[in-house]
Amino acid sequence: NIKAVATAGNHSLALQSDGRIVGWGRNNFGQLGRGHVTFREPLSAPVQNLTEVVAIAAGPDYSVALKSDGTAWGWGRNDAGQLGNGATTTTQITPVQVSGLTGVITISVGPYHSLALKSDGTVWGWGYNSLRQLGDGTNTQRLTPIQVKGVNGNSFLNEIVAVAAGEQYSLALKSDGTVWGWGRNDFKQLGVEDDGRGIKEFPIQIPGLTGIKAISAGSNNSIALKSDGTVWGWGIDIISQINGMPGIPVTLPLKIFGL
């Protein structure tokens, strides 16, 4: 009866068809949502006090879930505000609601920041923000969701259909099939040359990408799936993910061979 799974460095989650979540693995920050902290839990058990879940995401030592009513909930580690539950950075051993966020249709989590896509096509983020991964033009840690701004900080990003949170950077897919990114860019994760700072504080368009229908953000590289079934990648190729060129930064997106 499992309909979705999510894994992080040390713990795993599974979403059941009845809208409940079970988890196993490390629980040193309460990331399994069982109401207590333990080093590890080898057997699956339910997350407490959470039902009607439609999507799940797992980050390092914390977890986030989306309910059918459009609210987001988080539990586990919270030292960077990655649970978004207000003016606190306290670890949460059972789910708490992300503050002031409704109408959510998609969630994604990175190591210390989280993203939510709302039904109106806007993107919101919370948590760690040292490399501008929240796209609000600041490097201020956010304990509650903040809306991602538009190009050059004008207005706000809109017409988004998918989001992906990487390691201190973020990606968004627009309805026209283009991909946009912001935050960390030291290894060309955003598909453009570094300007000496390794940071883009506002969304920029990833060059040369059209017809995209899915995106994924990792530690130092990014992947996109096109509507023609081809896969494209950019960033540093530390373990030969992109065309077998280990250690070589790929700035402009390249088609991955054999897919």
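Just above sits the structure.
As the structure is a computational prediction, the values presented were derived from the model and not from experiment.

Considering the sheet that holds strand 14 (residues 169–174)
Taking strand neighbours across the sheet as the criterion, the four strands line up as 13-14-15-16 in an open arrangement whose pairing is antiparallel. Strands with a single pairing partner mark the edges of an open sheet, and in this sheet they are strand 13 (160–165) and strand 16 (199–205). Taking the axes of each pair of neighbouring strands and ignoring which way they run, one obtains an average angle of 10 degrees across the sheet. Inspection of the sheet shows strand 15 (residues 179–184) paired to strand 16 by four bridges, in the antiparallel sense. Looking across to strand 16, one finds that Gly181 is bridged to Ile204.

Notes on the environment of Glu201
Examined against the element boundaries, Glu201 turns out to sit in strand 16. Through-space distance from the C-alpha of Glu201 to that of Arg184 is 8.5 Å; in sequence the pair is 17 residues apart. Discounting chain neighbours no more than four positions away, the residues touching Glu201 are Arg132, Gly135, Asp136 and Gly137.

Things to note about the sheet that holds strand 20 (residues 249–255)
The strand order across the open sheet built from four strands is 17-18-19-20, with neighbouring strands paired in antiparallel fashion. Of all the strands in the sheet, just strand 17 (212–217) and strand 20 have a single pairing partner and so form its edges. Between one strand axis and the next, the sheet turns through 10 degrees on average, direction left out of account. Note that strand 17 and strand 18 (residues 221–226) share five bridges and pair antiparallel. Looking at strand 18, one finds that Ile215 is bridged to Ala224.

What about the nonpolar core?
Generally speaking, a soluble globular protein has its nonpolar side chains buried in company with each other. Leu171, Val179, Ile206, Leu209, Ile212, Ile215 and Trp234 are the most contacted members of the largest nonpolar core, which totals 16 residues. For this core, the secondary-structure elements that each account for two or more residues are strand 13, strand 14, strand 17 and strand 19 (231–236). Counting residues in hydrophobic clusters, the runner-up holds 14 residues, among them Ala57, Val96, Ile107 and Ala116.

Some points on the packing of aromatic side chains
Across all of its chains, the model carries one aromatic pair by this definition. Centre to centre, the rings of Tyr112 and Tyr128 are 6.2 Å apart; their planes meet at 75 degrees, and the pair counts as edge-to-face. Of this pair, Tyr112 sits in the loop between strand 9 (104–109) and strand 10 (113–118) while Tyr128 sits in the loop between strand 11 (123–127) and strand 12 (142–147), placing them 16 residues apart in sequence. With a relative accessible area of 32%, Tyr128 lands in the partly exposed category. Taking the ring centre of Trp180 as reference, the NZ or CZ of Lys174 above it sits at 5.3 Å.

So, unusual backbone geometry
The residue Ser155 is not glycine, and still its phi comes out positive at about 55 degrees. Mapped onto the elements of the fold, Ser155 is located in the loop between strand 12 and strand 13. Here the phi dihedral of Glu159 falls at roughly 60 degrees; this positive angle occurs in a residue that is not glycine. Here Glu159 is to be found in the loop between strand 12 and strand 13. By relative accessible area, which is 47% here, Glu159 ends up partly exposed.

Side note on the side chain of Arg77
For Arg77, the position within the fold is in the loop between strand 7 (72–76) and strand 8 (92–97). For Arg77, the side chain forms a polar contact with the side chain of Asp79, separated by 3.2 Å. Every residue in contact with Arg77, bar those within four places of it in the chain, is listed here: Phe29, Asp61, Tyr62, Gln82, Leu83, Thr91 and Tyr112.

Some points on the pattern of salt bridges
Between side chains of opposite charge, a pair can form when the charged atoms approach closely. Taken as a whole, this structure holds six salt bridges when the rule is applied. Where Arg132 meets Glu201, a salt bridge forms, and the shortest distance between an N and an O atom there is 3.8 Å. With Arg132 in the loop between strand 11 and strand 12 and Glu201 in strand 16, this pair connects stretches of sequence that are 69 residues apart. For Asp186, the salt bridge goes to Arg184, with nearest N and O atoms at 2.9 Å.

With respect to the side chain of Ser108
Relative to the helices and strands, Ser108 is located in strand 9. Polar contacts involving the side chain of Ser108 include one to the main-chain amide nitrogen of Ala165, which spans 2.9 Å. Setting aside its immediate chain neighbours within four residues, Ser108 contacts Ser114, Leu115, Val163, Ala164 and Ala165.

How each quantity is defined
- Residues numbered from 1 in each chain as written.
- Predicted model: local features only at pLDDT ≥ 70, side-chain atom pairs only at ≥ 80, totals over all residues.
- Heavy atoms only, no water.
- Pairing = 2+ DSSP bridges.
- Helix = DSSP H or I, 4+ residues; strand = E, 2+ residues; numbered from the N terminus.
- Axes fitted to C-alpha atoms, helices over the stretch in contact; angles between N-to-C directions.
- Contact = heavy atoms within 4.5 Å.
- Core = buried A, V, L, I, M, F, W, Y, C linked by side-chain atoms within 4.5 Å.
- Buried < 20%, exposed > 50% of the residue type's maximum accessible area, 1.4 Å probe, protein only.
- Phe/Tyr/Trp six-rings, centres within 6.5 Å; stacked < 30°, edge-to-face > 60°.
- Lys NZ or Arg CZ within 6 Å of the ring centre and 35° of its normal.
- Polar contact = N/O pair within 3.5 Å; in protein donor to acceptor, adjacent residues only side chain to side chain.
- Salt bridge = Lys/Arg side-chain N within 4 Å of Asp/Glu carboxyl O.

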